[in-house]
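Residues per chain are reported as follows:
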Amino acid sequence: MSTNPLLTKTPGATRPVARVLVATTAMLSFISFWRAAAIVLNDMGSSAFYAGAIAEEAFGKTAPWFILAIMLFAYAVRALYMESCSMFVRGGVYRVVKEAMGSRLAKISVSALMFDYILTGPISGVSAGQYLTGFLNDFFRYAHLNVALPGNLTAALFAIAVTLYFWWENVKGIPESSGKALRIMYVTTVMVVLMLAWCGYTLWTRGAHLPPWPEPHNMHFSDQALGWLRHTNWAYTVGLIGIFIGLGHSVLAMSGEETLAQVYRELEHPKIPNLKKVGFIIFAYSLVFTAGVSFFAVMIIPDSTRSQYFGNLISGLAMNFAGPYTLRLVFQAFVVLVGVLMLAGAVNTAIVGSNGVLNRVSEDGILPQWFRQPHRRFGTSYRIINLVVGLQIATIILSRGNIFLLGEAYAFGVMWSFAMNSAAVLALRYKRPGFREFRVPLNLQIGGLEFPVGLVLITITLLGLCTINLFTKQIATISGIIFTAAFFATFTIAEGITKRRDTTGAELDQFNVASRTELSTATLGVRPSSVLVPISNYHALYHLGAVLDRVKTERRDIVVLHVQVLQRSGSSEVEFETDQLFGSIEQYLFTKALSMAEQRGKPVRLAVVAANDLWDGILRAAVNLQSSTIVLGRSTKMSLAEQARQFGLAWEALPDPRPPFNLEIFTPQGEHEFFLLGPHAPNLTRNEVNLVHQLWLRLGDLVRPEELHHHDVVHFALNEVKQELAQGKEQDVAQRLKDHLVQNKAQRNPPAGTC
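Residues numbered from 1 in each chain as written. Predicted model: local features only at pLDDT ≥ 70, side-chain atom pairs only at ≥ 80, totals over all residues. Heavy atoms only, no water.

Enquirer: Mind showing me how you'd approach the pattern of salt bridges here?
Expert: Side chains bearing opposite charge may pair, as long as their charged atoms lie close to each other. Scanning the model with the defined rule gives 22 salt bridges in all. Put simply, Asp-138 and Arg-141 hold a salt bridge, and the shortest N to O gap is 2.1 Å. Taken as a pair, Asp-138 and Arg-141 lie in helix H5 (residues 103-142) at a separation of three residues, close to a single helical turn. Assessed through its relative accessible area of 13%, Asp-138 is described here as buried. Looking at Arg-141, the relative accessible area reads 54%, which means it is exposed. In this structure, Asp-303 and Arg-306 form a salt bridge, with 2.9 Å as the shortest nitrogen-oxygen distance. (Salt bridge = Lys/Arg side-chain N within 4 Å of Asp/Glu carboxyl O. Helix = DSSP H or I, 4+ residues; strand = E, 2+ residues; numbered from the N terminus. Buried < 20%, exposed > 50% of the residue type's maximum accessible area, 1.4 Å probe, protein only.)

Now the structure itself:
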């Protein structure tokens, strides 16, 4: 390994040994809108495997209409989350509710939401296990084997195994898990297309009959579905109540919207346009898949046998298609494969979402910083992931693999988090008016007032669903309130303990800071020709913002550098500890830089170097990183021209060979000047070009028969000046040059009143 001159002390030198620190943090990579959509769809789309069955179990064959209504309503909830994302990059229900209604309600809302996330993983994992167990038992019967796997136990064991697998994937990082989510959606799409085509063929050969309309006499609520209202006739005599009960038992079909806010932080540039694409993809896909499965199941599977497939509804569809039994069994195997993959993907989504939510809480000082300490190898908040996975496995064990028990407990948290998020976004329309990149539609302007009709309707609907669920979903209400209260108490106690301790920097990102023997493209993980952006003042990062807005990071990497300027010392060589070079100032600087990068959806690399001179430290870092461009903010202590001159002198002091650099200096107003460091072709104006041409014309005939070129004129003139300087005429040349500069300046800036 070559020795870095920035890091070593030459013989006889007295400067201390400089250290290089590479800073990393969780979730610094950014993902495409396809990967983001895949993560959310692994949650929302997975409900197609069980939502219709749970709804029909609750109130009968009208369930598909309610599933369809919920999927259409999900479009409105998606718009709600898109507006909240446009306000807060690190958003979600906690941040939005806190800004609008205060910390206490925010802790309550996120406590309820965590109940949803803790249940999402188990219900998806258990459902996947039910599909697998059902297929294996069917196959054993087909093969005349006297083997029957216990459904709930096998499903529970499979769910635990899947949860542990995605625990490790998330510890490794979101690019790893999002890549698998995308591959799962590829396979799922093939299955969905085949299923829809086969459903269409089956209905064409047998005839089609739509499910009964959602009228009171067609709805048959079970006692469990009515909850505390089972002793009344309100569900049948008051149409609106019956409709809201049906919707309440179908609402688990649109779970996953909160995950949209959590993955928004990792969404690549441009964020809002990509978020719109994600929103449309998840809406269209889940509408066709989830609602389609529910409708086709009622239309194709006979009433007499449909209940036996409630645990694996799409498998039931496959086994009731028109066609040979063997072919149907093969397609069922494919359905089970896809179901296992997608439902397992929903387990991953639950972990991703929970991790994002608890990170927001921890950043606010509610949980100790210990939870956000990044993994030393992968940079992920692995301690939060461990907590979430532990709670999910405990839930699977307590439920004993009963999908209907999990389904009954589900949707308490998601509905209340939706409602509080909607109310908070509505409040922020008035508390924080102004521009948003996206707004929920249906906004009426009357005079100078805005009436957000769309937001009001969404909020009223969500609050109505929450209220009816309180009285009809007993298990969800009791378990949800207990869980929410327990989490809220935990958050409150943890916040009190955290505040009594030193909470300086609670809102700051946590970084892994690794010492390196040299700064290079390999140690920082960047390609040659990167853009180097030195930062030192967290109130003046406008030049970093300009770079992030302009540079396409798929072509060039951005390196954010902080130079720790050391005082020269006459002592011997000194070794500095990490915390001497990376303290609260560096942590705050990098937190601000990371926030700006997240806002724009572009990755950056972070590094700290120590040097005795600022310019020398920047330039040597640029040399080692093989950067092509250095971007500075304007100095407050010297003019722009002087700043560029000082930087140029520092470049001249570098040891040979000195690579050329592009130097850009930005002002707070967004203006910038461009300089070239090192030998380069001069930027000639039209006047200089004309002058060279005139001299060439005049001298060309005088030197014949020799051939004269324009570059010969320039070379000859420069050599003449060089000889004058060598002959001791520096003062004369300098005076003539000064007169020339003054004359040019006067011509560029004529006195006022002249023409």
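What follows continues from the structure just given.
Enquirer: Is there a simple way to explain unusual backbone geometry in this structure?
Expert: Glycine aside, negative phi is the norm for most residues, and most peptide bonds take the trans geometry. Residue Pro-657 follows Asp-656 across a cis peptide bond; omega there is -5 degrees. Mapped onto the elements of the fold, Pro-657 is located in the loop between helix H26 (640-652) and strand E9 (661-666). For the bond from Arg-704 to Pro-705, the omega torsion is 15 degrees, close enough to zero to count as cis. Examined against the element boundaries, Pro-705 turns out to sit in the loop between helix H27 (686-702) and helix H28 (710-726). The phi torsion at Gln-626 lies on the positive side, around 55 degrees, for a residue other than glycine. Inspection of the secondary structure assignment puts Gln-626 in the loop between helix H25 (614-625) and strand E8 (629-633).

Enquirer: Even after reading the chapter, I still don't get a nonpolar patch on the surface, so can you show me in this structure?
Expert: Together, Tyr-430, Leu-442, Leu-444, Ile-446, Leu-449, Phe-451, Val-453 and Leu-457 make up a nonpolar patch on the protein surface, roughly 800 Å² of accessible area in all. Going through the elements one at a time, strand E2 (443-446), strand E3 (449-452) and helix H19 (453-472) are the ones with two or more residues in the nonpolar patch. Here Val-453 is to be found in helix H19. (Patch = residues over 30% accessible without salt bridge, like charges linked within 9 Å, V, L, I, M, F, W, Y side chains within 5 Å. Areas by Shrake-Rupley, 256 points an atom, 1.4 Å probe, with all protein chains shown as cover.)

Enquirer: Looking at this structure, how should I read the packing of aromatic side chains?
Expert: Aromatic ring pairs are reported here in terms of the distance separating the ring centres and the angle at which the planes meet. On inspection of all chains with the given rule, the structure shows 27 aromatic pairs. Both rings, one in Tyr-75 and one in Phe-283, keep their centres 4.6 Å apart while their planes meet at 65 degrees; by these two values the pair is edge-to-face. A residue pair is termed long-range when its members are at least 10 positions apart, and Tyr-75 in helix H3 (residues 63-87) and Phe-283 in helix H12 (residues 271-300) qualify at 208 residues. By relative accessible area, Phe-283 is classed as buried at 16%. When the ring of Phe-487 is compared with that of Phe-491, the centres are 5.4 Å apart and the planes differ by 80 degrees; the resulting orientation is edge-to-face. Of this pair, Phe-487 and Phe-491 are both found in helix H20 (residues 474-500), four residues apart, which corresponds to roughly one turn of the helix. Summarising the burial analysis for this pair, Phe-487 and Phe-491 share the class buried. Note that Lys-271 overlies the ring of Tyr-264, its terminal NZ or CZ placed 4.8 Å from the centroid. Looking at Arg-658, its charged tip hangs above the ring of Trp-651, at a distance of 4.7 Å from the centre. (Phe/Tyr/Trp six-rings, centres within 6.5 Å; stacked < 30°, edge-to-face > 60°. Lys NZ or Arg CZ within 6 Å of the ring centre and 35° of its normal.)

Enquirer: Just checking my understanding: could you explain the packing of helix H6 (residues 151-172) against helix H15 (residues 325-363) for this structure?
Expert: For any two helices packed against each other, one specifies the crossing angle of their axes together with the interaxial distance. Remark: H6 packs on H15, axes separated minimally by 9 Å, with the N-to-C direction vectors making an angle of 55 degrees. When the axis of H6 is compared with that of H15, the two are oblique. Here H6 and H15 pass one another in a crossing that is right-handed. Packed against H6, whose contacting residues are Phe-158, Val-162, Thr-163, Phe-166, Trp-167 and Asn-170, the element H15 presents Val-340, Ala-344, Gly-345, Val-347, Asn-348, Ile-351 and Val-352 at the interface. Residue composition of the contact of H6 with H15, grouped by class: nine nonpolar, four polar and no charged. (Axes fitted to C-alpha atoms, helices over the stretch in contact; angles between N-to-C directions. Parallel < 35°, antiparallel > 145°, perpendicular 65-115°, else oblique. Left-handed = near helix turned anticlockwise from the far one by under 90°. Contact = heavy atoms within 4.5 Å. Nonpolar A, V, L, I, M, F, W, Y, C, P; charged D, E, K, R; others polar.)

Enquirer: Sorry, what's going on with the environment of Val-361 here?
Expert: Within the secondary structure, Val-361 is located in helix H15. Sequence spacing of Val-361 and Gly-583 is 222 residues, and the spatial spacing of their C-alpha atoms is 23 Å. Once residues within four sequence positions are removed from consideration, Val-361 is found in contact with Tyr-94, Val-110, Ile-366, Leu-367 and Phe-491.

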